[in-house]
Amino acid sequence: MGSDGNKMKSGGTGFPPPQTALCANGCGFFGTAATMGLCTRCFRELRMKERRQEDLAKAAVEQLALYSRLQPDSPPSSTSASVVTAEQSGRQAAPPNRCDACKKKVRVMGFECRCGRTFCGIHRYPEKHDCTFDFKAQGRDAIAKANPMVKADKIQRF
């Protein structure tokens, strides 16, 4: 056994030569089939765009879920009708960076209540800011959804 066993046979490495083609975007670099005909730079940019679109879609879904939680599905009751009239009667809503009760700047630590307004640490509790959210109705709805009515069939007697 000499060095003849290490010599390559007239075909090269044994792998077929790679198919080379220019990038599908026309940037001048070579693309491969593994990157959908794109060069590595264009392929990376395509992936980043897809990720950004996915992130935007996730954010939109989260906002929609938050909006649907804030908006009740049931028709407005008498309490929510009084809230709408109180808001329409000229009460100025504070900007989201100020407490709605005392107008104090809350910056990052603002507490958003279920009634949709922002409060400081002192007025964050519902009894401290005359909250208009109906916690009892929400609890009743949650219990009704969690415990559906179970009714047994009547017994047939012979």
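Thresholds applied
- Each chain has its residues counted from 1, following the order in which its sequence is written.
- Local features in this predicted model are restricted to residues whose pLDDT is 70 or higher, and side-chain atom pairs enter the listing and the counts only when it is 80 or higher, whereas totals over whole chains, interfaces and linings include all residues.
- As a rule here, side-chain values come from all non-hydrogen atoms in the structure, and water together with hydrogens is ignored.
- The nonpolar core is taken to be a set of buried Ala, Val, Leu, Ile, Met, Phe, Trp, Tyr and Cys residues, with the residues joined through side-chain atoms within 4.5 Å.
- Between buried and exposed lies partly exposed: a residue is buried under 20% and exposed over 50% of the maximum accessible area for its type, with that area taken using a 1.4 Å probe on protein chains only.
- Any two residues whose heavy atoms approach within 4.5 Å at even a single point are treated as in contact.
- Going along the chain from the N terminus, every DSSP run of H or I of four or more residues is numbered as a helix, and every run of E of two or more is numbered as a strand.
- Each pair of aromatic rings taken from Phe, Tyr and Trp, with Trp reduced to its six-membered ring, is defined by centres within 6.5 Å and is described as stacked if the planes are under 30 degrees apart, edge-to-face if over 60, and tilted in the remaining cases.
- Salt bridges, as used here, are contacts in which a Lys or Arg side-chain nitrogen is within 4 Å of a carboxyl oxygen on Asp or Glu.

Peer 1: Help me get a handle on the nonpolar core, residues and values and all.
Peer 2: If you look at the biggest cluster of nonpolar residues, it comprises 7 residues: C99, V106, C113, C115, F119, C120 and C131. For C131, the residues in contact, after removing those within four places along its chain, are C113, C115, R117 and P126.

Peer 1: Describe unusual backbone geometry, and please don't skip the residues or the numbers.
Peer 2: You will see that M36, though not glycine, has its phi angle at about 60 degrees, which is positive. Given a relative accessible area of 49%, M36 falls into the partly exposed group. If you check the backbone angles, R107 has positive phi at about 50 degrees while not being a glycine. Relative to the helices and strands, R107 is located in the loop between α2 (78-88) and β3 (111-112).

Peer 1: Any details on the packing of aromatic side chains? Residues and values, ideally.
Peer 2: For the coordinates displayed, the defined rule picks out 1 aromatic pair. When the ring of F133 is compared with that of F135, the centres are 5.0 Å apart and the planes differ by 75 degrees; the resulting orientation is edge-to-face. With relative accessibility at 26%, the residue F133 sits in the partly exposed group.

Peer 1: Before we move on, could you go through the pattern of salt bridges and cite the residues and values that matter?
Peer 2: A side chain of one charge can pair with a side chain of the opposite charge when the charged atoms of the two come close. A complete count under the given rule lists 4 salt bridges for this structure. A salt bridge links R47 to E50, with the nearest nitrogen and oxygen atoms 3.0 Å apart. A residue pair is termed a helical-turn pair when its members lie 3 or 4 positions apart in one helix, as R47 and E50 do in helix α1 (residues 40-70) at 3 residues. Look at R47 and you get partly exposed, because its relative accessible area is 33%. One salt bridge connects D100 with R117, and the closest N-O pair in it is separated by 3.1 Å. Of this pair, D100 sits in the loop between α2 and β3 while R117 sits in the loop between β3 and β4 (118-119), and the two are 17 residues apart along the sequence.

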